[in-house]
Amino acid sequence: MKYYSLILLFVLFSCGKKENILLPKANVTLVGNVVDHSPIYIFFRTNGKDTLAEVNKKNEIISTNWIFNIDKRLPLRLVIPEVMKLQEKKRNEVAHKNELAENYFSYADTIGKNMAFLPFTKVYYKLEKPKFSFVVFFSKNNEIYVDGDLGSREELKHFLISFPKDKLKIIRFRFDANMNYGDYIQNEIFIQSLKIENKEEFIY
């Protein structure tokens, strides 16, 4: 199958109808292969002027790794609540729970020309504005504000590396709820490159 048909446009045949998902893109592969997985799809839909997120989870198996294939055009305010519901379902499972099963977001590595996966099993989302003094905010225009001051990715990276660990025990990231999912994945890949052990994510 050709690269572009496999990666940039994810195709699902459901109920005799072809469904398309435009996957996010990045220039790095975090995880290149996931075995024993179940696919979950969140489609981009429109109803007049309204944008909708339609979830297809018919193939989910609770004991497997879950791969979330989500259309990059969807805003976080629609995507994350659906992701949270599925996260909770898996976390609260008792009968078929598999402690080793992970959750991944799928995306396209445009350099390696392959599908890639971003793990997010341990991420706990909060749909509220953080009530703390130090927050790293990613705006929908791809601007980064560190404690209210506009900065760059490199400045943020340098700051977090140089800041005393005993004074900054947890990093709180806030994402604009109107940011599209494609930009969010690129920001998440950057955050994971920082190797932060304790973090919280707010969508507001």
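The coordinates are above.
Since we're looking at a predicted model, the values are computed, not measured.

Draft legend 1. Expanded view of the overall build of the protein chain. If you tally the helices and strands in the protein chain, you get four helices and 14 strands. With the C-alpha coordinates aligned to their principal axes, the bounding extent of the protein chain is approximately 55 × 40 × 35 Å. By the burial criterion, 45% of the 204 residues in the protein chain qualify as buried. Surface summary for the protein chain: the accessible area is close to 11,500 Å², and the carbon and sulfur share equals 51%. Across the protein chain, 31 positive and 25 negative side-chain charges occur, with their mean positions spaced 3 Å apart.

Draft legend 2. Seen up close, the environment of Ile70. Checked against the element boundaries, Ile70 lands in strand β6 (residues 65–70). Taking relative accessible area as the criterion, Ile70 reaches 0% and is therefore assigned buried. Ile70 sits 47 residues away from Leu23 along the chain, and the two C-alpha atoms are 6.5 Å apart. Setting aside its immediate chain neighbours within four residues, Ile70 contacts Ile21, Leu22, Leu23, Pro24, Ile42, Val79, Val83, Phe105 and Tyr181.

Draft legend 3. Structural view of the pattern of salt bridges. Throughout the structure, instances matching the rule amount to nine salt bridges. Where Glu54 meets Arg45, a salt bridge forms, and the shortest distance between an N and an O atom there is 3.0 Å. A salt bridge links Arg91 to Glu88, with the nearest nitrogen and oxygen atoms 3.3 Å apart. With a gap of three residues between them, Arg91 and Glu88 both fall in helix α2 (residues 76–91), about one helical turn apart. Using a relative accessible area of 21% as the deciding quantity, one classes Arg91 as partly exposed. Within the structure, one salt-bridge network assembled from shared partners comprises Lys126, Arg172 and Glu200.

Draft legend 4. The arrangement of the pairing of β6 in detail. Within β6, six of the six residues are buried, leaving the element largely enclosed by the surrounding structure. Residues of β6 alternate between two faces, with Asn65, Ile67 and Asn69 on one and Trp66, Phe68 and Ile70 on the opposite face, all of them buried. Where strand β4 (residues 37–47) and β6 come together, six bridges link them in parallel fashion. Along β6, the bridge assignment pairs Ile42 with Ile70. Inspection of the sheet shows β6 paired to strand β7 (residues 103–109) by three bridges, in the parallel sense.

Draft legend 5. Highlighting the packing of aromatic side chains. This model, assessed by the stated rule, comprises 14 aromatic pairs. Ring plane angle 75° and centroid distance 6.1 Å describe the contact between Phe68 and Phe105, whose orientation is recorded as edge-to-face. Of this pair, Phe68 sits in strand β6 while Phe105 sits in strand β7, and the two are 37 residues apart along the sequence. The same class applies to Phe68 as to Phe105, namely buried. Ring centres of Phe175 and Tyr184 lie 5.0 Å apart, and the angle between their planes is 80°; on these two criteria the pair is classed as edge-to-face. Per residue, the accessibility class of Phe175 equals that of Tyr184, and both read buried. A connected cluster of aromatic rings, assembled from ring pairs, spans Trp66, Phe68, Phe105, Phe120, Phe138, Phe173, Phe175, Tyr181 and Tyr184. The positively charged end of Arg91 is found above the aromatic ring belonging to Tyr124, 3.7 Å away from the centroid. One cation-aromatic arrangement involves Arg172 over Phe132; the distance from NZ or CZ to the ring centre is 3.5 Å.

Reading the values: rules and limits
- Here the residue numbering is sequential within each chain, running from 1 through the sequence in written order.
- Only residues with pLDDT of at least 70 get local features here, since the model is predicted, and only at 80 or more are side-chain atom pairs given and counted; chain-wide, interface and lining totals rely on the full set of residues.
- Excluding hydrogens and water, the side-chain figures rest on all heavy atoms present in the structure.
- Helix and strand definitions here come from DSSP, where helices need a minimum of 4 consecutive H or I residues and strands a minimum of 2 consecutive E residues; each element is numbered from the N-terminal end.
- The cut-offs for exposure are 20% and 50% of the maximum accessible area for each residue type, with area from a 1.4 Å probe on protein chains only; residues under the lower value are buried, those over the upper are exposed, and the others partly exposed.
- Note that accessible areas follow from Shrake-Rupley with a 1.4 Å probe, and for residues the cover is restricted to the protein chains shown.
- This count recognises Lys and Arg as positive and Asp and Glu as negative, with His and chain-terminal groups excluded.
- Here the site of a charge means NZ on Lys, CZ on Arg, CG on Asp, or CD on Glu.
- In this analysis, two residues are considered to be in contact whenever any of their non-hydrogen atoms come within 4.5 Å of each other.
- Salt bridge, as applied in this entry: a Lys or Arg side-chain nitrogen positioned within 4 Å of an Asp or Glu carboxyl oxygen.
- Note: two strands are recorded as paired if DSSP finds a minimum of 2 bridges between them.
- Here the aromatic set is Phe, Tyr and Trp, taking the six-membered ring for Trp, and pairing holds for ring centres within 6.5 Å; pairs whose planes are under 30 degrees apart are stacked, those over 60 apart are edge-to-face, and all others are tilted.
- Definition used: whenever NZ (Lys) or CZ (Arg) falls within 6 Å of the ring centre and also within 35 degrees of the ring normal, the charge is taken to sit over that ring.

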